[in-house]
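Results of the structural survey
One-letter residues, chain by chain:
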Amino acid sequence: MGVADKSNNELLITMQYFLTDGGGAKKVSELGSNWLRMTSLIRVKAKNGKIEVEQDDACLGNPNKVDTVGLARKLLQRCKAEHR
């Protein structure tokens with residue numbers, strides 16, 4: 001987890017997951033293999049006394065293969081520069 005844009009209350013969150021439709025691990029040595037990683041841009045807002053959380057997939061996409069916060073920051077900067 002890291003800050004994407006402090007002024008807009010934006011966070012970058014990298015998550016690791018696996019697809020449940022796979023066959024699963026057959027051996028102990030296979031446990032934890034075939035995990036996928038992606039990073040999402042999350043925006044947090046206060047509205048009418050409640051907290052709203054919004055995922056913005058416009059630049060990074062969903063799903064994506066962005067596996068670090070640092071790479072996500074670079075991709076977001078590039079995306080914002082292209083859309084100015």
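Up top is the structure these notes are about.
The notes below deal with the structure included here. (Residues numbered from 1 in each chain as written. Predicted model: local features only at pLDDT ≥ 70, side-chain atom pairs only at ≥ 80, totals over all residues. Heavy atoms only, no water.)

Attention now moves to helix H1 (residues 69-82). Within an α-helix, residues lying three or four positions from one another point in the same direction, as the helix has 3.6 residues per turn. With 14 residues, H1 should reach 20 Å at 1.5 Å per residue; the first-to-last C-alpha distance of 20 Å fits that figure. Here H1 has its buried residues at Val-69, Ala-72, Leu-76 and Cys-79. With its buried residues spanning 80 degrees around the axis, H1 presents them on a single face. Within H1, the exposed residues directed more than 90 degrees away from the buried face are Lys-74, Gln-77, Arg-78 and Glu-82. (Helix = DSSP H or I, 4+ residues; strand = E, 2+ residues; numbered from the N terminus. Expected span 1.5 Å × (residues − 1). Buried < 20%, exposed > 50% of the residue type's maximum accessible area, 1.4 Å probe, protein only. Arc of directions from axis to C-beta.)

Take the sheet that holds strand E1 (residues 2-5) next. Spatially, E1-E2-E3-E4 is the arrangement adopted by the four strands of the open sheet, whose pairing is antiparallel. Strands at the two margins of the open sheet, each flanked by one partner only, are E1 and strand E4 (50-56). The sheet shows a mean angle of 40 degrees between the axes of neighbouring strands, direction not considered. Two elements, E1 and strand E2 (residues 10-17), share three bridges in a ladder whose sense is antiparallel. Within E2, the residue paired with Val-3 across the bridge is Leu-11. This element, H1, spans E1, E2 and strand E3 (36-47) of the sheet and lies at about 130 degrees to E2. (Pairing = 2+ DSSP bridges. Axes fitted to C-alpha atoms, helices over the stretch in contact; angles between N-to-C directions. Contact = heavy atoms within 4.5 Å.)

Further remarks concern the state of the cysteines. Inspection of every chain in the model, using the stated rule, returns one disulfide. Paired by a disulfide, Cys-59 and Cys-79 hold their sulfur atoms 2.1 Å apart. Residues Cys-59 and Cys-79 share a disulfide whose torsion about the S-S bond is about -70 degrees; that sign makes it left-handed. Placement of the pair is Cys-59 in the loop between E4 and H1 and Cys-79 in helix H1, with a sequence separation of 20 residues. Residue Cys-59 is classed as partly exposed on the basis of its relative accessible area, which comes to 32%. By relative accessible area, which is 8% here, Cys-79 ends up buried. (Disulfide = S-S within 2.5 Å.)

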